[in-house]
Structures are given as C-alpha cells and as structure tokens.
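# Structural characterization, general
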Amino acid sequence: MPTWWIYPVAIAFIASVLITDIVRTIAKRYQIVDRPNEERKRHLGAIPQLGGIAIFLAFSIPTIVVLSSTGYFTSGDIDLVHLLGFLVGGLILVAGGVLDDKFDLPAKITVLFPIAAALTAALVGIGPSKITNPMGGVFEIGAWISFVFTFVWLLGMIYTTKLLDGLDGLATGVTSIGTLMIAFLALSVAYFQPYLALLSLIAFAALLGFLLCNLHPAQIFLGEGGSTYVGYLLGGLAIIGGSKVATALLVV
C-alpha cells in the first residue's frame, strides 16, 4: 500500500470532522432538526440533521483532488466518466435529502431523488460486466443486464440503509464496516484493485469522522440525504470496480 495514501484518507477524516461541526451549526440555525414528536423517536430534544452533506463532501473532496492530480483512480477498470457520474448521483441524493429535511416533502417527490441517483450511476456504466460463477469461472453479462442490475442494486442499498437509520450510529457504522471490508478485499491477491481500495478507504474515513458525532447520544443525524447516501456509497463501491455484491450483502 503506497505511503501517500495516508494524505487523501487523512483529508477525508479531518474534513468529515470539521464539516460535521459546521453542518450541525447550520442545521441548528435554520431549524433543520429532528424533534422527538413521535412514539418511535426516543432522543431528547431537537437533533440537527444534514449529516449526509458532511459525508458527501468529505468523500468527494479528496477523491476529486486525487483525480485531478494523478491518474490513479482511472488506471484500472473505472474511468473518469464512471467516477464523475458516481459523484453526481451522490450529489442528487444529498440535495434531495436536504430539501426533504427542510420542507418535509411528500413521498411521491422524495422517491424521485433515489431513482435519479441510481439512474445516473447506471447510465455512466459503473455496473459489472461479469459475475463470478461459484463453480468456477465467470459469466459475462450484457450492457442492458448490467444497467438494470446496477439500478436495482443501488436502489435496494439506498433503501436498506434508509430503513437501518433508526438507532444512533447504526447505518453509519454498518456502511463504514462495509467500505473497510471492500478495501481489504480489493487489496487481496485474488482481486488486487488498489484504486478501489483507496476509494473505499477514503469513504471509510469520511464515515468514521461523522460517526464520532453520530454515536449514542447522537449530536447530529444523517438526515434523509445521509441515510440514503451511505447506502448509495456502499452499493456503488461494491460494483464500481467489479462485483463485490456478496461482500456488501454479508455486511448489511
């Protein structure tokens, strides 16, 4: 593992911690908070939301820095279009989540943002081109099958973490473990995809920095954008450099 990896990973962690604090202040100021006004909400007092902004920016900033200064991320199975499309899809989710947290949008509107994000990622072609055969070898799959699989897979992961986001630190903790496992797998001799490993470690650091304030008692919540983005992030990393679907499923 190259020693320079520590810089983008450290940037992701530090940015996550700092931006989380800034976002928390902004959410309080503009009253974008979650109030315990329902039976299932057991937290005490109004808790700021918008945590997804911190994770998205903490992942995107070092990723864009590495992408613009080196050709490291595009040296393997992914290219510039894949990565930019993946980032744009995440931006769509987070932006939609912010609007929902602020204005409490109806479900028929909020569902459009996950669909748009999954479609964006699928359209740029980040899906797998082959699936491993448990009996040996691989199955080659066509572009349309890959497109449909990617769209359904990302939507499934988005709504899985959205539903998981019911306890302090749960969704963030699960996805951080998932990104770390994908990083280890990408560094293994069997796969050896260092570019994917670095992306996953950047994601892990971004999640970990936010998790420090999201553990019980949480000082900030993921919000709608965050609860969907972390699933999108894990799901995207699982397929962007080859299918790691089984790993992501086992973690979740």
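Details of the structure are given in the entry above.
Residues numbered from 1 in each chain as written. Predicted model: local features only at pLDDT ≥ 70, side-chain atom pairs only at ≥ 80, totals over all residues. Heavy atoms only, no water.

### Thoughts on the overall build of the chain
Along the chain, the regular secondary structure elements total 10 helices and four strands. Reading the chain from its N end, one meets helices and strands in the order α-β-β-α-α-α-α-β-β-α-α-α-α-α. In summary, the chain has a C-alpha radius of gyration of 18 Å against a globular reference of 18 Å for 252 residues, a match within 12%. In terms of overall dimensions, the chain has a C-alpha envelope of 55 × 40 × 30 Å along the principal axes. (Helix = DSSP H or I, 4+ residues; strand = E, 2+ residues; numbered from the N terminus. Rg over C-alpha atoms; globule rule 2.2 N^0.38 Å.)

### Digging into the packing of helix H7 (residues 170-187) against helix H8 (residues 194-214)
Relative to each other, H7 and H8 sit at 160°, their axes nearing to 8 Å. Classed by the angle they form, the pair H7 and H8 counts as roughly antiparallel. Seen along the crossing, H7 lies across H8 with a hand that is left-handed. Contacts between H7 and H8 involve Thr172, Gly173, Thr175, Ser176, Thr179, Leu180, Ile182, Ala183, Ala186 and Leu187 from the former and Pro194, Leu196, Ala197, Ser200, Leu201, Ala203, Phe204, Leu207, Phe210, Leu211 and Asn214 from the latter. Its residues assigned to classes, the contact of H7 with H8 comprises 14 nonpolar, seven polar and no charged. (Axes fitted to C-alpha atoms, helices over the stretch in contact; angles between N-to-C directions. Parallel < 35°, antiparallel > 145°, perpendicular 65-115°, else oblique. Left-handed = near helix turned anticlockwise from the far one by under 90°. Contact = heavy atoms within 4.5 Å. Nonpolar A, V, L, I, M, F, W, Y, C, P; charged D, E, K, R; others polar.)

### Quick notes on the nonpolar core
One recurring pattern in soluble globular proteins: nonpolar side chains tend to sit buried together. Membership of the largest hydrophobic core comes to 62 residues, with the highest contact counts inside it found for Ile55, Phe59, Phe73, Trp153, Tyr229, Tyr232 and Leu233. At 13 residues, H8 tops the list of elements feeding residues into this core. Apart from the residues within four sequence positions on either side, Phe59 is in contact with Phe86, Leu87, Leu199, Ile202, Ala203, Ala206, Tyr229 and Leu233. (Core = buried A, V, L, I, M, F, W, Y, C linked by side-chain atoms within 4.5 Å. Buried < 20%, exposed > 50% of the residue type's maximum accessible area, 1.4 Å probe, protein only.)

### Some thoughts on the packing of aromatic side chains
Centre distance and the angle of the planes are the two values used to describe a pair of aromatic rings. Under the definition given, this model contains eight aromatic pairs. Where Trp4 meets Tyr72, the ring centres are 5.1 Å apart and the plane angle is 85°; that geometry is what we call edge-to-face. With a gap of 68 residues between them, Trp4 in the segment before helix H1 (6-29) and Tyr72 in the loop between helix H2 (51-69) and helix H3 (80-103) connect regions that are remote in the sequence. Ring geometry for Trp5 versus Tyr72: centroids 6.1 Å apart, planes at 80°, classification edge-to-face. (Phe/Tyr/Trp six-rings, centres within 6.5 Å; stacked < 30°, edge-to-face > 60°.)

### Concerning H2
Along an α-helix, residues three or four positions apart point the same way, because every turn accommodates 3.6 residues. For H2, with 19 residues, the first-to-last C-alpha span of 28 Å sits near the 27 Å given by 1.5 Å per residue. The secondary structure elements touched by the buried residues of H2 are H1, H3, H8 and helix H9 (223-240). (Expected span 1.5 Å × (residues − 1).)

### Overview of the pattern of salt bridges
This model, assessed by the stated rule, comprises two salt bridges. Its salt-bridge partner being Asp21, residue Arg24 comes within 2.6 Å of it at the nearest N-O pair. Pair noted here: Arg24 and Asp21 are both in helix H1, with a separation of three residues, about one helical turn. Among the residues examined, Arg24 registers a relative accessible area of 14% and is labelled buried. (Salt bridge = Lys/Arg side-chain N within 4 Å of Asp/Glu carboxyl O.)

### Concerning H7
The end-to-end C-alpha distance of H7 is 26 Å, a good match for the 26 Å that 18 residues give at a rise of 1.5 Å each. Residues of H7 that are buried: Ala171, Thr172, Gly173, Val174, Thr175, Ser176, Gly178, Thr179, Ile182, Ala183 and Ala186.

### Details of the environment of Ala54
Inspection of the secondary structure assignment puts Ala54 in helix H2. Overall, the relative accessible area of 0% leaves Ala54 in the buried class. Along the primary structure Ala54 and Asp21 are separated by 33 residues, whereas in three dimensions their C-alpha atoms are 8.7 Å apart. Not counting the four nearest positions on each side in its chain, Ala54 is found in contact with Ser16, Ile19, Thr20 and Val23.

### Thoughts on the side chain of Thr175
With respect to the helices, strands and loops of the structure, Thr175 is situated in helix H7. Exposure remark for Thr175: the relative accessible area of 1% places this residue in the buried category.

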